[in-house]
Amino acid sequence: MFVALGKMVKLLRERKGLTQKEFGELVGYGPDAVSSMERGVRTLRPEVLIKADELLDAGGLLKEVLPEVEEAMAKTRTRHPEWYRSYAGLEAEAVELHFYASNGVPGLLQTQDHAWAVFAKRRPFLDGETIDKRVTDRLSRQQVFERSPVPIVSYVLEEVLLDRPIGGSRVHADQLRRLLHG
């Protein structure tokens with residue numbers, strides 16, 4: 001639903017002759033956030049749809065879907081824990097990401113199996129369904145590398161992280177390959 005809605009907003013924005021930057025300034029978001037909304041990666045919030053309907057002369061088309069958007073948002077469980085949400089939002093829009101890691105491989109660099117092993121060892125223990133959900137949520141953050149422009153990224157990992165075989169030798173080898181090949 002959000003991908004189709006994003007495409008409609010993009011079409012209306014382009015018909016109006018607005019760039020993503022210009023439209024973003026009018027609705028209170030940066031061009032990267034607008035791009036994410038138009039691709040369906042980021043949820044088009046109801047207040048953006050209301051403003052966009054008026055700014056883009058949509059004639060009520062975007063306002064018409066508000067009940068469905070609000071219902072979909074209510075059904076969608078929060079993607080990240082409360083303490084992490086503001087950081088995840090900043091990370092999704094960042095133009096540069098720089099990390100120093102001494103305790104674990106950063107989530108943006110983790111393979112699926114590595115992330116699963118990390119959550120499986122968490123205390124208190126989590127059930128398989130919760131682990132699967134958290135792994136999916138963590139890996140979804142890696143979409144930051146698929147956007148345009150890709151952020152400038154640098155990571156410094158302590159050597160001990162490269163020697164710690166989280167999840168066993170196969171999982172560890174796959175994780176090391178991921179780090180080598182980006």
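Everything numeric here is computed off the predicted structure, so don't read it as measured data.

K.L.:
Explain the layout of surface pockets to me, and be specific about the residues and the numbers.
P.N.:
By volume, the second largest pocket amounts to about 710 Å³. Lining the second largest pocket we find 30 residues, and of these W83, Y84, F119, R138 and R141 sit closest to its centre. Put simply, the parts of the chain that give the lining of the second largest pocket at least two residues each are α7 (82-93), α8 (112-120) and α9 (128-140). Examining the composition of the lining of the second largest pocket, we find that 5 residues originate from one element, α7, more than from any other. When the residues that make up the lining of the second largest pocket are grouped by side-chain class, the tally is 12 nonpolar, 8 polar and 10 charged.

K.L.:
Tell me about empty space enclosed by the protein, and please be specific about residues and values.
P.N.:
The final tally for this structure, using the stated rule, is 1 cavity of 30 Å³ or more. Size it by volume and the largest cavity reaches roughly 30 Å³. Around the largest cavity, the lining residues are V105, H114, L161, R164, H172, Q175, L176 and L179. For the lining of the largest cavity, the element with the most residues is helix α11 (residues 169-181), which contributes 4 residues. For the lining of the largest cavity, the per-class residue count stands at 4 nonpolar, 3 polar and 1 charged.

K.L.:
Summarise unusual backbone geometry; cite the residues concerned and give the values.
P.N.:
Here the bond from R123 into P124 is cis, since omega is 0 degrees, no more than 30 degrees from zero. Relative to the helices and strands, P124 is located in the loop between α8 and α9. Each neighbour pair has its own omega, and for S148 with P149 the value is 0 degrees, a cis peptide bond. Summarising the element assignment, P149 is placed in the loop between α9 and β2 (152-157). At D57, a residue that is not glycine, the phi angle is positive and equals roughly 50 degrees. Its place among the elements puts D57 in the loop between α4 (46-55) and α5 (61-64).

K.L.:
How would you explain the side chain of R13 if you had to name every residue and give the values?
P.N.:
Examined against the element boundaries, R13 turns out to sit in helix α1 (residues 2-16). Its relative accessible area of 5% is what places R13 among the buried residues. Contact partners of R13, with chain neighbours within four places excluded, come to L18, T19, Q20, F23, E38 and L56.

K.L.:
Describe the packing of α8 against α9, and please don't skip the residues or the numbers.
P.N.:
Axis separation between α8 and α9 bottoms out at 9 Å; the angle between their running directions is 135 degrees. The angle between α8 and α9 falls in the class oblique. Classified by chirality, the crossing of α9 by α8 is right-handed. Counted together, Q112, A115, W116, V118, F119 and A120 of α8 and I131, D132, R134, V135, R138 and L139 of α9 form the full contact between these two elements. Its residues assigned to classes, the contact of α8 with α9 shows 8 nonpolar, 1 polar and 3 charged.

K.L.:
Residues and numbers for the nonpolar core, please.
P.N.:
Counting residues in each nonpolar core, the largest one holds 19 residues, and the members touching the most others are L5, V9, F23, L44, L49, L56 and L62. For this core, the elements supplying multiple residues, two or more each, are α1, α2 (20-27), α3 (31-38), α4 and α6 (66-75). Top element by residues in this core is α1. It accounts for 4 residues. Non-local contacts of L56, meaning those with residues more than four positions away in its chain, are made with V9, L12, R13, K16, L18 and F23.

Cut-offs applied
Residues numbered from 1 in each chain as written. Predicted model: local features only at pLDDT ≥ 70, side-chain atom pairs only at ≥ 80, totals over all residues. Heavy atoms only, no water. 1 Å grid on protein atoms, 1.4 Å probe; cavity = no way out; pocket = protein on both sides within 12 Å on 5 of 7 lines; lining within 4 Å. Points joined across faces, edges and corners; volume = space filled by probe spheres on them. Helix = DSSP H or I, 4+ residues; strand = E, 2+ residues; numbered from the N terminus. Nonpolar A, V, L, I, M, F, W, Y, C, P; charged D, E, K, R; others polar. Buried < 20%, exposed > 50% of the residue type's maximum accessible area, 1.4 Å probe, protein only. Contact = heavy atoms within 4.5 Å. Axes fitted to C-alpha atoms, helices over the stretch in contact; angles between N-to-C directions. Parallel < 35°, antiparallel > 145°, perpendicular 65-115°, else oblique. Left-handed = near helix turned anticlockwise from the far one by under 90°. Core = buried A, V, L, I, M, F, W, Y, C linked by side-chain atoms within 4.5 Å.

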